[in-house]
Amino acid sequence: MRNSVAFLFCLVVSSFKTSAEYDGLINALTRVFIHNHVQTVTAVTCWPRDANNRLLLALSSADISVNFHPSVIPVHETWYRYGILVDVSCAQVATTLFQKASKHRLFNMQNDWILINSRQNESHSRKTSAIALETFEMHLSEAYVLPESNVFLFVDFAGGWEIWEGFKVGKMERIQVNRYGMVTTDKLNFEKNHSISFRSNLRGITLKATTVISEPNKFKGFYPFADTDLDTFAQMHYDLNMILQDQLNFKIDLGIVDSFGWNLGNGSFSGLTGQLQREEIDFGGIGSFIRKDRMTAIDYTVGTFYRQPAALFKQPPLSSVHNICILPFKFEVWMVTLFTFIGFTILIAFLSRTTRAFKKDEKETLNVLDSVTIVHGAICQQGYTMNLNAGSIRVAIFVLFLTAVFLFTSYSASIVALLQSPSNSIKTINDLVESSMTFSAQITPYSRVYFDESDDPLLRKLYDKKMKSHDKDMYTEASTGITRIRTEFHGFLIEVVSAYKLISQLWREEEKCGISEIQLFKLPILALAVVKRSGYKDILKQKLMQQQEVGLKNRIIRRWIPAKPMCDSSNRANQFVSVSIKEIYPMLQIYGFGLCISIIILFFEIAYNAYTCRSKTLHINSYLSVFRFMYNKRDS
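Residues numbered from 1 in each chain as written. Predicted model: local features only at pLDDT ≥ 70, side-chain atom pairs only at ≥ 80, totals over all residues. Heavy atoms only, no water.

Chemist: Sorry if this is basic, but what is going on with the overall build of the chain here?
Modeler: A count of helical and extended segments in the chain gives 21 helices and 19 strands. Every one of the 636 residues in the chain was classed for burial, and the buried ones make up 43%. Look at the contacts in the chain between residues 6 or more apart in sequence, and 74% of them connect residues 24 or more apart. Entry remark: accessible area of the chain is about 34600 Å², with carbon and sulfur atoms responsible for 58%. (Helix = DSSP H or I, 4+ residues; strand = E, 2+ residues; numbered from the N terminus. Buried < 20%, exposed > 50% of the residue type's maximum accessible area, 1.4 Å probe, protein only. Contact = heavy atoms within 4.5 Å. Areas by Shrake-Rupley, 256 points an atom, 1.4 Å probe, with all protein chains shown as cover.)

Chemist: So what exactly am I meant to see when it comes to the pairing of strand 14 (residues 309-314) here?
Modeler: Each regular strand carries side chains that alternate between the two faces of the sheet. Burial of strand 14 is extensive: five of the six residues sit out of reach of the surface. Across four bridges, strand 14 lies against strand 17 (residues 490-495) in antiparallel orientation. From the neighbouring strand, A311 faces strand 17, where its bridge partner is L493. Bridge analysis of strand 14 against strand 18 (residues 515-518) gives four bridges, and the strand direction is antiparallel. The residue bridging F313 from the neighbouring strand is S516, located in strand 18. (Pairing = 2+ DSSP bridges.)

Chemist: Mind showing me how you'd approach the state of the cysteines here?
Modeler: Linking two cysteines covalently via their sulfur atoms produces the bond known as a disulfide. Across all of its chains, the model carries one disulfide by this definition. A sulfur-sulfur separation of 1.6 Å characterises the disulfide bridge that pairs C46 with C90. Highlighted residues: C46 in the loop between strand 1 (38-44) and helix 3 (49-61) and C90 in the loop between strand 3 (81-87) and helix 4 (91-103), separated in sequence by 44 residues. (Disulfide = S-S within 2.5 Å.)

Chemist: Explain the packing of helix 7 (residues 232-248) against helix 18 (residues 537-549) here, please?
Modeler: Any two packed helices are characterised by the angle at which their axes cross and by the distance between the axes. In contact at an axis separation of 10 Å, helix 7 and helix 18 are set at 115 degrees when each is read in the N-to-C sense. Judged on the interaxial angle alone, helix 18 and helix 7 are roughly perpendicular. Here helix 7 runs over helix 18; the crossing is right-handed. Listed contacts from helix 18 to L240, I243, L244, Q247 and L248 of helix 7 are I539, L540, K543, L544, Q546 and Q547. A breakdown of the residues in the contact of helix 7 with helix 18 according to their chemical character gives seven nonpolar, three polar and one charged. (Axes fitted to C-alpha atoms, helices over the stretch in contact; angles between N-to-C directions. Parallel < 35°, antiparallel > 145°, perpendicular 65-115°, else oblique. Left-handed = near helix turned anticlockwise from the far one by under 90°. Nonpolar A, V, L, I, M, F, W, Y, C, P; charged D, E, K, R; others polar.)

Chemist: Hey, could you run me through helix 11 (residues 368-379) in this one?
Modeler: Turn by turn, an α-helix covers 3.6 residues, leaving residues three or four places apart pointing in a common direction. With 12 residues, helix 11 extends 17 Å from end C-alpha to end C-alpha; this agrees with the ideal 16 Å at 1.5 Å per step. Every buried residue belonging to helix 11 is among S371, I374, V375, G377 and A378, and all of these are buried. Looking straight down helix 11, one finds that the buried residues subtend no more than 155 degrees of arc, so they occupy a single side. Every exposed residue of helix 11 that faces more than 90 degrees away from the buried side is listed here: L369, T373 and H376. (Expected span 1.5 Å × (residues − 1). Arc of directions from axis to C-beta.)

Chemist: I would appreciate a short explanation of unusual backbone geometry in the present structure.
Modeler: One non-glycine residue, R203, lies in positive phi territory at about 55 degrees. By the secondary structure assignment, R203 is in the loop between helix 6 (192-199) and strand 9 (206-212). Judged by relative accessible area, which is 31%, R203 ranks as partly exposed. The phi torsion at N249 lies on the positive side, around 60 degrees, for a residue other than glycine. Looking at the element boundaries, N249 is found in the loop between helix 7 and strand 10 (251-257). Taking relative accessible area as the criterion, N249 reaches 38% and is therefore assigned partly exposed.

Chemist: What's the story with the packing of aromatic side chains in this structure? I'm lost.
Modeler: Two numbers describe a pair of aromatic rings. These are the distance of the centres and the angle of the planes. Following the criterion strictly, the structure yields 18 aromatic pairs and no others. Look at Y22 and W47: their rings are 4.6 Å apart centre to centre, the planes differ by 40 degrees, and that puts the pair in the tilted class. A residue pair is termed long-range when its members are at least 10 positions apart, and Y22 in the loop between helix 1 (2-14) and helix 2 (23-35) and W47 in the loop between strand 1 and helix 3 qualify at 25 residues. Both residues of the pair, Y22 and W47, count as buried. When the centroid spacing of 4.1 Å and the interplanar angle of 5 degrees are considered together, the rings of F222 and Y238 count as stacked. With F222 in the loop between strand 9 and helix 7 and Y238 in helix 7, this pair connects stretches of sequence that are 16 residues apart. (Phe/Tyr/Trp six-rings, centres within 6.5 Å; stacked < 30°, edge-to-face > 60°.)

Chemist: Would you mind showing me how to read the pairing of strand 7 (residues 175-183) here?
Modeler: As paired strands, strand 6 (residues 160-168) and strand 7 are joined by eight bridges and run antiparallel to one another. For K168, the partnering residue across the bridge sits in strand 7 and is I175. The hairpin turn running from strand 6 into strand 7, its antiparallel successor, is six residues long. As defined by bridge partners, strand 7 adjoins strand 8 (residues 188-190) across three bridges and the pair is classed as antiparallel. Residue pairing for strand 8: M182 is matched across the bridge by N189. Where strand 7 folds back on strand 8, the antiparallel hairpin that results is connected by four residues.

Chemist: What is the right way to read the sheet that holds strand 2 (residues 65-67) from this model?
Modeler: Across a sheet, paired strands are connected by hydrogen bonds in the backbone, their directions being either parallel or antiparallel. Taken together, the eight strands give an open sheet; going across it, the order is 2-1-3-4-5-6-7-8, and neighbouring strands pair in mixed fashion. At either margin of the open sheet sits one strand with a lone partner, and together these are strand 2 and strand 8. Going from strand to strand, the sheet's axes swing by 25 degrees on average, the running direction of each strand aside. Its contacts with the sheet place helix 4 against strand 1, strand 3 and strand 4 (111-116), and it is angled at close to 145 degrees to strand 3.

Here's what the structure looks like:
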């Protein structure tokens, strides 16, 4: 009995390496950790104390911190690379650790897992691929080890160790193994390119995804059945998904919901975000906004497209903002013109008085009012009726009319353009708020939310003053809002994708020239979402970035997003636009003021005439009274 116990003890001891025999393995592990830029290592081994001390010394010499307590492995994502060394011969400890890692999704790109077996492997009699597959299936068959994981196995072979990687393309799929490289005590070789292509092949599995259709009653299917403007981004992301299928070799099971998902108040979400939170799907089939509340429940890959809502409106006519009669000339030109005509008035009056003094002819006398009349006639291109014989005055009047012709030509050329020009008076949100414009917004999944969540005082003022007071019409369909912009002084918050398409289809060319837009708020970029700590996050991210780099994303943008409608100035010049009452309103004001002033002057003239006639009558009566008195006195 005693002999049999001693035999079993010797058999167990002989199955483990001695402390000195770990030196080669420790050197190989150190080389791999240094190559992968690992900063901290947790070692879970059944090694002798002396072997652990050798491992600690080797890694510390390479500035890598080491601990031997599995409980300190961080369950959160670190900003540095973390290494975990596991001796799978410690069966119970390894099993518990792998269960914890699966629960907290620790098999990811941030953690480098290296599995070893300190027991002697029969690698000389068996293929290393068979040993690797058997080891992975034995310990990780139920683990969450998806393509994103970095799990490697050291398999002993003559002169060194082969490095094998293992992962599952799906949670319910079998482990796939691949030879990743080899390491010896003095060299390290990796087959990286082959590894990347190996992980990027999902071998035809089916991944579930969900897209959002905001107008399901108009939805007839994906391209080429895109009849709805609001779901353009669902169509664009569908194209991205089809390319992803080819890149990663998987099939997509695409579902449809009508909401991106909002926080229900108890930590759970509705719609697309809720499905990802409950892991009912693998990734989002449409990009959603990167919001702080959603990031607690889901992860994001990379940005795909931008939604660009903008407030579209027509600038008010220039005549409703400024007096266009004074706009053709700058202020200094008006001043120069005024002084020029005043100078002509003084010159003509001076020449007239000088001529009368030399010729002593009262008929050729022009007073100041006559000079003003002549200058006014020149300004209005009318002329004068006086017959002037003095050559100097004729030359002055000739120059006066020649000057007036050049000024009138410049003025009339400018006024024609100004009569039909839109203004540029609304440039900011505050200008929009203070204007008399009405305002509404397109019905979208986020328009109400972002107005409610906005803390911008100008946006709050816009919402309260322009929209809240018209609760019935504050949110309308895109076609209705675009029609109101065309026919009313109205502003409309709309997706530019929808707006550009409708404007291009419905508006005349000359109507596009007055359109303006103001961006009210900057929306975050859309990004494809995945479940929290998904094992597909990085490979999806890599392929989406590749689509952008090779131009596939830009091709999708050009296909689906129409260009901004441009104002064709040559076409506009050929269009006759009638002048409205707004454009001639200043002239009507001048007419009204002139009429009133002339009537007032008429009353003054009547009063003056009556006063003059009365004064003459009184004067005659006084003369008659004196004459009668003298006559009566003589008779007496």
